[in-house]
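Here is what each chain is made of, one letter per residue.
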Amino acid sequence: FAPRFIANIEGVAARIVDTMLTEVASQGSSFDCMNDFANHLIVRILLDGLLGMSVEQRTVMSRMHEAFALIIDMPPGGTYPDEYLQAQQAALQVVAEVIAERRAHPRELDFVSAMVAAQSESGRINDAEMIGNIFAITGAGLGTTASATGAMLMNLCKHRDQFDQIVANRALIPQAVEECLRY
């Protein structure tokens, strides 16, 4: 990830967070941190901001992520549930569509477009590897980041004095994030 790419994602993430906070604020005085914010935050940043997926494509990928729960305790050699196989097939189709769309219409500062360009220029990456990279990023990022975000917000709520310090001095945000990630 080049510095320009990271700077672009940071801007996209900031806009997504601002939009989501506005949505949460419109719900009234209470909300469910995980269901109303943390679970959706990473989906929107990762699948929209990083991978440029549409709402419909994000829904399919989220369903695939949720379907992993169906096989978490599956014994070796067990039969995959139909619901999992259907979610996997739909997700594979979405990823193939995204790759094909980027081949036809590359985007600047776009992760998938960068992989397509690398394939075109050097042949060092094939379609299966691109699909694998996208699945690895989404699989590794969705649940873990949502859990870390929820835990960070929960800890800040438990330590209101520190939360208030961060609100009063936004320069403390990077340090607070680092501390929460260590926690």
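The rules we used
Counting of residues starts from 1 at the beginning of each chain's written sequence and follows it residue by residue. Selection of residues for local features in this predicted model requires a pLDDT of at least 70, selection of side-chain atom pairs for listing and counting requires 80 or more, and totals for whole chains, interfaces and linings are taken over all residues. Excluding hydrogens and water, the side-chain values take into account all heavy atoms of the structure. Between 30 and 60 degrees the pair is tilted, below 30 it is stacked and above 60 it is edge-to-face, where a pair is any two Phe, Tyr or Trp rings, Trp via its six-membered ring, whose centres lie within 6.5 Å. We count a salt bridge whenever a side-chain nitrogen from Lys or Arg sits within 4 Å of a carboxyl oxygen from Asp or Glu. Think of it in three bands: with a 1.4 Å probe and only protein chains considered, a residue is buried below 20% of the maximum accessible area for its type, exposed above 50%, and partly exposed in between. Each helix corresponds to a stretch of at least 4 residues labelled H or I by DSSP, and each strand to a stretch of at least 2 residues labelled E; elements are numbered beginning at the N terminus. We call two residues in contact whenever any of their non-hydrogen atoms come within 4.5 Å of each other. For this analysis, a polar contact is any N or O atom pair within 3.5 Å, provided that within protein one partner can donate a hydrogen and the other can accept it, and provided that sequence-adjacent residues contribute only side-chain to side-chain pairs. The span expected for a helix works out to 1.5 Å for each residue beyond the first.

Q: Tell me what's going on with the packing of aromatic side chains, and back it up with residues and numbers.
A: Counted according to the given criterion, the structure contains 2 aromatic pairs. With 5.3 Å between their ring centres and 20° between their planes, Tyr80 and Tyr84 make a pair best called stacked. Members of the aromatic cluster, each reached through a chain of ring pairs, are Phe68, Tyr80 and Tyr84.

Q: Break down the pattern of salt bridges for me, citing the residues and quoting the values.
A: Pairing of side chains with opposite charge becomes possible as their charged atoms draw close. This model, assessed by the stated rule, comprises 8 salt bridges. A salt bridge links Glu101 to Arg107; the shortest N-O distance between them is 3.8 Å. Given the relative accessible area of 28%, Glu101 is considered partly exposed. Using a relative accessible area of 38% as the deciding quantity, one classes Arg107 as partly exposed. Arg103 serves as the salt-bridge partner of Asp127, at 2.4 Å between the closest nitrogen and oxygen. You can see Asp127 sitting in helix H6 (residues 127–158) and its partner Arg103 sitting in helix H4 (residues 82–104), a full 24 residues away along the chain.

Q: Residue-level account of the side chain of Thr149, with values.
A: Mapped onto the fold, Thr149 is located in helix H6. Under the relative-accessibility criterion, Thr149 is labelled buried at 12%. Dropping the residues within four chain positions of it, Thr149 is found in contact with Phe37, Ala38 and Leu41.

Q: Describe in detail the side chain of Asp110, supporting the description with residues and values.
A: Relative to the helices and strands, Asp110 is located in the loop between H4 and helix H5 (111–122). Asp110 gets classed as buried once you look at its relative accessible area, which sits at 7%. A polar atom in the side chain of Asp110 sits 3.0 Å from the side chain of Arg102. Engagement of the side chain of Asp110 in a polar contact is seen with the backbone nitrogen of Val112, the distance being 3.2 Å. Excluding anything up to four places from it in sequence, Asp110 contacts Phe5, Leu50, Leu51 and Arg102.

Q: Summarise helix H1 (residues 3–25); cite the residues concerned and give the values.
A: Between its first and last C-alpha atoms H1 spans 33 Å; for 23 residues at 1.5 Å apiece the expected length is 33 Å, and the two agree. All of the buried residues along H1 are Phe5, Ile9, Val12, Ala13, Ile16, Met20 and Val24. Lining the buried residues of H1 we find helix H2 (33–50) and H5.

Q: Explain helix H3 (residues 55–67) to me, using residue names and the numbers behind them.
A: In this model, H3 (13 residues) spans 18 Å end to end at C-alpha, consistent with the 18 Å of a helix rising 1.5 Å per residue. Of the residues making up H3, those classed as buried are Gln57, Arg58, Val60, Met61, Ser62, Met64 and Ala67. If you follow the buried residues of H3, they end up packed against H2, H4 and H6.

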